[in-house]
Amino acid sequence: MLFEVKTHFLMWTVQVERYIRSEVVDLQPHEYCIGAVFVIAIGFVLLSGRR
């Protein structure tokens, strides 16, 4: 059972990696900046809730 869970998890991560590579490679520089702003903003909101 543990082996099956590990196998399914590895298959899922490979599929996610392929999807990310196919989407991220085609981005323009301003799209990278927009993504970075969203990541920073979400991280700031999540971390500021711990005060």
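Residues numbered from 1 in each chain as written. Predicted model: local features only at pLDDT ≥ 70, side-chain atom pairs only at ≥ 80, totals over all residues. Heavy atoms only, no water.

## A few points about the overall build of the protein
Note the cut-off: In this description a helix means any DSSP run of H or I spanning at least four residues, a strand means any run of E spanning at least two, and both kinds are numbered starting from the N terminus. For the radius of gyration, the atoms used are the C-alpha atoms, and the globule rule reads 2.2 Å times the number of residues raised to 0.38. Using a 1.4 Å probe on the protein chains alone, a residue whose accessible area is under 20% of its type maximum counts as buried, one over 50% counts as exposed, and one in between counts as partly exposed. What sets the accessible areas is the Shrake-Rupley method with a 1.4 Å probe; for residues, cover comes only from the shown protein chains. Positive charge is attributed to Lys and Arg, negative charge to Asp and Glu, and no charge count is given to His or to the chain ends. Note on charges: their place is set at NZ of Lys, CZ of Arg, CG of Asp or CD of Glu.
A count of helices and strands for the protein gives 2 helices and 0 strands. At 16 Å, the protein has a C-alpha radius of gyration far larger than the 10 Å of a compact globule built from 51 residues. For the protein, the spread of C-alpha atoms along the three principal axes comes to 40 × 35 × 5 Å. Sorting the 51 residues of the protein into buried and exposed places 0% on the buried side. A total of about 5200 Å² of accessible surface is found on the protein, and carbon and sulfur atoms cover 72% of it. Counting 5 positive and 5 negative side-chain charges, the protein places the centres of these two groups 14 Å from one another.

## Focus: a nonpolar patch on the surface
So the rule is basically this: Nonpolar side chains (Val, Leu, Ile, Met, Phe, Trp, Tyr) within 5 Å and like charges within 9 Å form the patches, drawn only from residues with over 30% relative accessible area and no salt bridge. In what follows, salt bridge is the name for a side-chain nitrogen of Lys or Arg lying within 4 Å of a carboxyl oxygen of Asp or Glu.
A contiguous nonpolar surface patch, about 440 Å² in accessible area, is contributed by Ile34, Phe38, Ile42 and Leu46. Residue position: Ile34 is located in helix H2 (residues 29–48). A relative accessible area of 45% places Ile34 in the partly exposed class.

## Notes on H2
Here is the rule we go by: Under the convention used throughout, the expected extent of a helix is 1.5 Å for every residue step, that is, one less than its residue count.
The end-to-end C-alpha distance of H2, which contains 20 residues, comes to 28 Å, matching closely the 28 Å that a straight helix rising 1.5 Å per residue would cover. A small share of H2 lies buried, amounting to 0 of its 20 residues.

Purely spatial values, then, with no claim about function.
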